[in-house]
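Architecture at a glance
Each chain, letter by letter, is given below.
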Amino acid sequence: MSRIGRMPIAIPAGVTVDIAENNKVTVKGPKGTLERVLPSEMEIKKDGEQVVVTRPNDLKKMKSLHGLTRTLINNMVVGVTEGYEKKLEVNGVGYRASKQGKKLTLNLGYSHPVEMTDPEGIETVLDGQNIIIVKGIDKEKVGQFAAEIRDKRRPEPYKGKGIKYADEVIRRKVGKTGKK
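Residues numbered from 1 in each chain as written. Predicted model: local features only at pLDDT ≥ 70, side-chain atom pairs only at ≥ 80, totals over all residues. Heavy atoms only, no water.

The next point concerns the side chain of R70. Here R70 shows up in helix α2 (residues 60-81). Of the side chains with opposite charge, E82 lies nearest to the buried R70, which makes no salt bridge, at 12 Å. A distance of 3.0 Å separates the side chain of R70 from the backbone oxygen of M7, its partner in a polar contact. Residues within four places of R70 in sequence aside, it is in contact with I4, G5, M7, P8, I9 and V53. (Helix = DSSP H or I, 4+ residues; strand = E, 2+ residues; numbered from the N terminus. Buried < 20%, exposed > 50% of the residue type's maximum accessible area, 1.4 Å probe, protein only. Lys, Arg positive; Asp, Glu negative; His and termini not counted. Salt bridge = Lys/Arg side-chain N within 4 Å of Asp/Glu carboxyl O. Polar contact = N/O pair within 3.5 Å; in protein donor to acceptor, adjacent residues only side chain to side chain. Contact = heavy atoms within 4.5 Å.)

Right, here's the structure in full:
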């Protein structure tokens, strides 16, 4: 039995969960509304102040969908109550980030500044000139946008320049030494 899939999801106060046909789950909370169509094979039931996910049989596919479905619903509940955020650090001489309205401008050593616009439901906040915080209620979108920002200049192993996640550790390499 899926250990994660079996666990009921507690619905905190101020959050409503609606389950429509075809397993369309809508979660409303203080920070906003999220909806998602989940695998139709899973049975999603609201049981008082809890949501319970059950699977029809023990096929490999059903087992893997069981834990996934439960986690997706839980991520939606956490998103509308607390929200998600990812921290990125810009490292390097002359590398900096600036923000005007919804436009994030990154100077990353290219001949031109890189401009990115915040997607809907996602907000970027600058902490100083080299820390970018990506916030939102949808875990998937927050992670995706943070990854897109990081892709503009990935950290390199020799000097450690580039954009990295705050909790990421860059494996450093020793540069080549000159001949004697």
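Pairing in this open sheet of three strands is antiparallel, and the strands run β8-β9-β10 from one edge to the other. Pairing within the sheet leaves two strands with one partner each, and these edge strands are β8 (96-100) and β10 (114-117). Within this sheet the neighbouring strands show an average axis-to-axis angle of 20°, counted without direction. Bridge count for strand β9 (residues 103-107) against β10 is four bridges, and the pairing is antiparallel. (Pairing = 2+ DSSP bridges. Axes fitted to C-alpha atoms, helices over the stretch in contact; angles between N-to-C directions.)

Strand order in the open sheet made by the three strands is β1-β6-β5, with antiparallel pairing throughout. Either end of the sheet is taken by a strand with one partner, and the two such strands are β1 (9-10) and β5 (43-47). Pairing analysis gives two bridges linking β1 to strand β6 (residues 50-54), with the strands arranged antiparallel. Bridge assignment links I9 to a residue of β6, and that residue is V51. Running at roughly 160° to β6, α2 makes contact with β1, β5 and β6 of the sheet.

Looking at chain direction, strand β2 (residues 16-20) and strand β3 (residues 24-29) are connected through five bridges and run antiparallel. Bridge pairing in β3 links I19 to V25. Where β2 folds back on β3, the antiparallel hairpin that results is connected by three residues, among which N22 adopts a positive phi of roughly 60°. Sheet analysis places β3 next to strand β4 (residues 32-37), joined by six bridges and oriented antiparallel. Across the sheet, residue V25 finds its bridge partner in β4, namely R36.

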